[in-house]
Amino acid sequence: MLDITICVPSLRTDNLVKFYNSLVESVGQYTFELIIVTPNDLSDEIKQLSYVKTVVDQGCPTRCVQIGANEGCGKLFNFGTDDGIFVKNALKDAIDFYNENCSVKDVVITKYT
């Protein structure tokens, strides 16, 4: 099982490489998958990235996040926006905090810009 699933609903697919790179820097040593829910075609660069799944859907962003949550296999779940990036080590710190202090019913908020 992966440590965390990240879902991003995306209309602005040209931002996804920057989003993915910020995810790599944010998650640290933890394993992850990125689920992109979009009605658009993705660039070859995105298609070749490791740990990326794509779901085609034309719904609103909240619906896309729900669809992505059903597709994920991570122990934890988070989502982002395609015009944002994750802060370096923010997900790592959040996962560390969760593992040390939380139970299955707890929620941890993360930082992104």
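Residues numbered from 1 in each chain as written. Predicted model: local features only at pLDDT ≥ 70, side-chain atom pairs only at ≥ 80, totals over all residues. Heavy atoms only, no water.

Turning our attention to the pairing of strand β1 (residues 2-9). For a regular strand, side-chain orientation follows a simple rule: the groups alternate between the two sheet faces. In terms of residue burial, β1 counts as a mostly covered element, since seven of its eight residues are buried. Pairing analysis gives five bridges linking β1 to strand β4 (residues 74-79), with the strands arranged parallel. Paired with Ile4 across the bridge in β4 is Leu76. Strand direction decides the pairing type here: β1 and strand β2 (residues 32-38), joined by six bridges, are parallel. Across the sheet, residue Pro9 finds its bridge partner in β2, namely Val37. Running through helix α1 (residues 16-27), the crossover from β1 to the neighbouring parallel element β2 is right-handed. (Buried < 20%, exposed > 50% of the residue type's maximum accessible area, 1.4 Å probe, protein only. Helix = DSSP H or I, 4+ residues; strand = E, 2+ residues; numbered from the N terminus. Pairing = 2+ DSSP bridges. Right-handed = clockwise from strand over helix to strand, strands pointing away.)

Turning next to the nonpolar core. Formed by 19 residues in total, the largest nonpolar core has its most connected members in Ile4, Ile6, Leu23, Leu34 and Ile36. When contributions to this core are tallied by element, the ones reaching two or more residues are β1, α1, β2 and α4 (90-101). Among the elements that line this core, the one with the most residues is α1, at five residues. Leave out the neighbours within four places in its chain, and Ile36 touches Val8, Ser10, Leu16, Leu42, Ile46, Val52, Lys53, Thr54 and Val55. In terms of nonpolar packing, the next biggest core, distinct from the first, is built from five residues, Cys7, Ile35, Val55 and Cys64 among them. (Core = buried A, V, L, I, M, F, W, Y, C linked by side-chain atoms within 4.5 Å. Contact = heavy atoms within 4.5 Å.)

What follows concerns helix α3 (residues 61-71). All buried positions along α3 are accounted for by Cys64, Val65 and Gly68. Along the axis of α3, the buried residues cluster in a sector spanning 100°; they form a single face. In α3, the exposed positions angled more than 90 degrees off the buried face are occupied by Thr62, Gln66 and Asn70. (Arc of directions from axis to C-beta.)

A word on the state of the cysteines. Joining two cysteines, a disulfide is a covalent bond between their sulfur atoms. According to the stated counting rule, one finds zero disulfides in the structure shown. Cysteine Cys7 remains unbridged, with the sulfur of Cys64 as its closest cysteine sulfur at 7.4 Å. Free cysteine Cys64: the closest other cysteine sulfur is in Cys60, separated by 6.7 Å. Classification of Cys64 as buried rests on a relative accessible area of 3%. (Disulfide = S-S within 2.5 Å.)

The sheet built from four strands is open, its strands ordered β3-β2-β1-β4 with parallel pairing. Unpaired on one side and paired on the other, β3 (52-56) and β4 mark the two borders of the sheet. For this sheet, the mean angle separating the axes of adjacent strands, direction not counted, is 20°. Lying over the sheet, α1 contacts β1, β2 and β3, oriented at roughly 155° with respect to β2. (Axes fitted to C-alpha atoms, helices over the stretch in contact; angles between N-to-C directions.)

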